[in-house]
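Summary of structural features
Below are the chains, spelled out letter by letter.
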Amino acid sequence: MKALVYHGPGKKAWEEKPKPTVQKSTDAVVKILKTTICGTDLHIMKGDVPAVTDGRIIGHEGVGIVEETGSSVSNFKKGDHVIISCITSCGKCDYCKRGMYSHCADGGWILGNLIDGTQAEYVRIPHADNSLYPITDGSDEEALVMLSDILPTGFECGVLNGQVKPGDTIAIVGAGPIGMAVLLTSQFYTPAEIIVIDTDDNRLHVAKTFGATHIINSGKENAVEKIMNLTNNKGVDVAIEAVGIPVTFELCEAIVDAGGHIANIGVHGKSVSLHLETLWSKNITITTRLVDTVTTPMLFKTVQSKKIQPKQLITHHFKLDQILQAYDTFGNAAKEKALKVILTNE
């Protein structure tokens, strides 16, 4: 089969790899129908995730058709239409029993990280019964790709960890796909104001159409001053970091109000300064999290009922064998006006 293979920082290739096979009785092999590129994949390509080694097939999102199952798989059979979760869960270990699937003793975020991933024609899914979700007839595949990762990530790591409440003023730092997923799912809780901060005018314009009450281009204006003006010099109740670089986390530290929450989502490849000299007395809660995907079934229902419409995030379509072009487009998001790309295996 063909797959997108990582060969070290800045090096990738679309090349032949062996088609995966069932290795354990709990495995399934899935033929990819649609997949996408995540901001985390860009972090991998920069060398920010050293666990990813030369020769790894990248990717952890997608929908597909079950090709083969191991003898212990009971929830799925050949021909089933499925969503692939970005998190692999055995469902039996101590962490899984606590709902912390991301720390599964025999799983977690392994696809496209510790084992071969979804930017390929086929992928092996360990613990298939707990790591795949059935797709009902008539569902929109492209919308459901967003349930692999970005919707549960934005919701769990940003909205739930940030404890967004009705009437809150929240700031989302970063208007990429994850930030947009936060924007969409935060509206479950009717915050009074949603401030979105980015340096990309196009993404900020899109954020406004998705429900942002205020947008700030931090490359053109002083974001801290603007937010203090908007909040009567108090700051925001919840600051959500959705980029993964030092300057955006430090911005969250500067704009959070006393008693507020900083919810980190971004994948950080460099250390960040923690300004305890200003935060120690402010009753701040800082949270970190890797998505557990425990909310995927609920989010599936909201997508099916069109309460949220993540398909709005899709800006570009490519065939799977155009993935190098798709990486160029996604990696130059401001120039290409890209949010989420869809890759179709035809």
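Throughout, a residue's number is its position along its own chain's written sequence, starting from 1. Only residues with pLDDT of 70 or above have their local features reported here, since the model is predicted, and side-chain atom pairs are shown and tallied only from 80 upward, although totals for entire chains, interfaces and linings are computed over all residues. Working from all heavy atoms in the structure, the side-chain values ignore hydrogens and water.

**Considering the overall build of the protein chain**
Helix and strand assignments come from DSSP, with helices taken as H or I runs of at least 4 residues and strands as E runs of at least 2, each series counted from the N terminus. A tally of regular secondary structure across the protein chain gives 13 helices and 15 strands. With the C-alpha coordinates of the protein chain rotated into their principal frame, the extents come out at 60 × 40 × 40 Å. The 346 residues of the protein chain split such that 56% are buried. In the protein chain, the proportion of contacts linking residues at least 24 apart, taken out of those at least 6 apart, comes to 69%. Counting every atom, the protein chain has about 14500 Å² of accessible surface; 50% of that belongs to carbon and sulfur. Residues counted as positive are Lys and Arg, residues counted as negative are Asp and Glu, and His and the chain ends are not counted. A single reference atom marks each charge: NZ on Lys, CZ on Arg, CG on Asp, CD on Glu. Considering the protein chain, the positive charge centre built from 33 side chains and the negative charge centre built from 39 side chains are found 2 Å apart. Buried, partly exposed and exposed residues are distinguished by accessible area as a fraction of the type maximum, computed with a 1.4 Å probe on protein chains only: under 20%, between the cut-offs, and over 50%, respectively. Contacts: residue pairs with any heavy atoms within 4.5 Å of one another. Every accessible area reported is derived by Shrake-Rupley at a probe size of 1.4 Å, with residue values counting cover from the shown protein chains alone.

**Section: the nonpolar core**
Among the buried residues, those of types Ala, Val, Leu, Ile, Met, Phe, Trp, Tyr and Cys that are joined through side-chain atoms within 4.5 Å form a nonpolar core. M180, L183 and V196 are the most contacted members of the largest nonpolar core, which totals 66 residues. With six residues, the top contributor of residues to this core is helix α6 (residues 177-186).

**Some points on the pairing of strand β6 (residues 122-125)**
What you see with β6 is no split at all: Y122 and R124 on one side and V123 and I125 on the other are buried throughout. Where strand β3 (residues 28-35) and β6 come together, four bridges link them in antiparallel fashion. The residue bridging K31 from the neighbouring strand is Y122, located in β6. The pairing criterion is simple: DSSP has to find at least two bridges between the two strands.

**With respect to the packing of aromatic side chains**
Aromatic contacts are taken between Phe, Tyr and Trp rings whose centres are within 6.5 Å, Trp giving its six-membered ring; a plane angle under 30 degrees counts as stacked, one over 60 as edge-to-face, and the others as tilted. Within the structure shown, the criterion is met by two aromatic pairs. With a centroid separation of 5.5 Å and an interplanar angle of 80°, the aromatic rings of F155 and F188 are classed as edge-to-face. Taken together, the positions of F155 in helix α5 (residues 150-160) and F188 in the loop between α6 and β9 (193-198) put the pair 33 residues apart, joining distant regions of the chain. For F155, a relative accessible area of 3% translates into the label buried. Here the aromatic rings of F155 and Y189 are separated by 6.4 Å at their centres, their planes lie at 15°, and the arrangement is stacked. Residue F155 is located in helix α5, and its partner Y189 is located in the loop between α6 and β9; the two are separated by 34 residues in the primary sequence. Each residue in the set F155, F188 and Y189 is aromatic and connected to the rest through ring pairs, giving one cluster. Positioned above the aromatic ring of Y122 is the side chain of K19, whose terminal nitrogen or guanidinium carbon lies 4.3 Å from the ring centre. Only lysine NZ and arginine CZ atoms are considered, and such an atom sits over a ring when it is within 6 Å of the ring centre and within 35 degrees of the ring normal.

**With respect to the packing of α5 against helix α11 (residues 296-304)**
For helices, the axis comes from a line fit to the C-alpha atoms of the stretch in contact; other axes are also lines fit to C-alpha atoms, and the angle between any two N-to-C directions lies between 0 and 180 degrees. Here α5 crosses α11 at 115°, and the two axes come no closer than 10 Å. Here α5 runs over α11; the crossing is right-handed. Where α5 abuts α11, its residues L151, P152 and F155 lie against T296, M298, L299 and V303. Following the grouping adopted for this structure description, the nonpolar residues are Ala, Val, Leu, Ile, Met, Phe, Trp, Tyr, Cys and Pro, the charged ones are Asp, Glu, Lys and Arg, and the polar ones are all others, Gly among them. Residue composition of the contact of α5 with α11, grouped by class: six nonpolar, one polar and no charged. Should the near helix be turned counterclockwise from the far one by less than a right angle, the crossing is left-handed, whereas a clockwise turn marks it as right-handed.

**A few points about the environment of I284**
Assignment of secondary structure puts I284 in the loop between α10 (276-279) and β13 (285-287). In the structure, I284 is positioned 28 residues away from V256 in sequence and 8.0 Å away in space, judged by C-alpha atoms. Leave out the neighbours within four places in its chain, and I284 touches V256, D257, A258, G259, G260, I262 and L279.

**Points about the packing of α6 against helix α7 (residues 201-210)**
Viewed as axis vectors pointing N to C, α6 and α7 meet at an angle of 15°, and their least axial separation amounts to 10 Å. Classified by the interaxial angle, the pair formed by α6 and α7 is roughly parallel. The way α6 lies across α7 gives a crossing that is right-handed. Mapping the contact onto sequence places P177, M180, L183 and L184 in α6 and R203, V206, A207 and F210 in α7. In terms of residue class, the contact of α6 with α7 is built from seven nonpolar, no polar and one charged. In what follows, roughly perpendicular refers to angles from 65 to 115 degrees, roughly parallel to angles under 35, roughly antiparallel to angles over 145, and oblique to any angle outside these ranges.

**Quick notes on the sheet that holds strand β12 (residues 256-264)**
If you walk across this open sheet you meet the six strands as β10-β9-β8-β11-β12-β13, and the pairing is parallel. In this open sheet, the two edge strands, each paired with only one partner strand, are β10 (214-217) and β13. Each adjacent strand pair in this sheet contributes to an overall mean axis angle of 15°, direction not counted. Relative to β10, β9 runs parallel, the two being bridged by four bridges.

**Let's talk about unusual backbone geometry**
For residues other than glycine, phi is negative in most cases, and the peptide bonds are mostly trans. Even without glycine at this site, Q163 takes up a positive phi of about 50°. Within the secondary structure layout, Q163 lies in the loop between α5 and β8 (169-173). A positive phi angle, near 55°, is found at K337, a position not held by glycine.

**Side note on α7**
Inspection of α7 places R203, L204, V206, A207 and F210 among the buried residues, and these make up the whole buried set. All buried residues of α7 fall inside an arc of 160° around its axis, so they share one side. Seen from the open side of α7, the exposed residues pointing more than 90 degrees away from its buried face are H205 and T209. Buried positions along α7 lie against α6, β9, β10 and α13 (333-336). Immediately beyond the C-terminal end of α7, within one or two residues, lies G211, with a positive phi of roughly 125°. Note: the arc covers the axis-to-C-beta directions of the helix.

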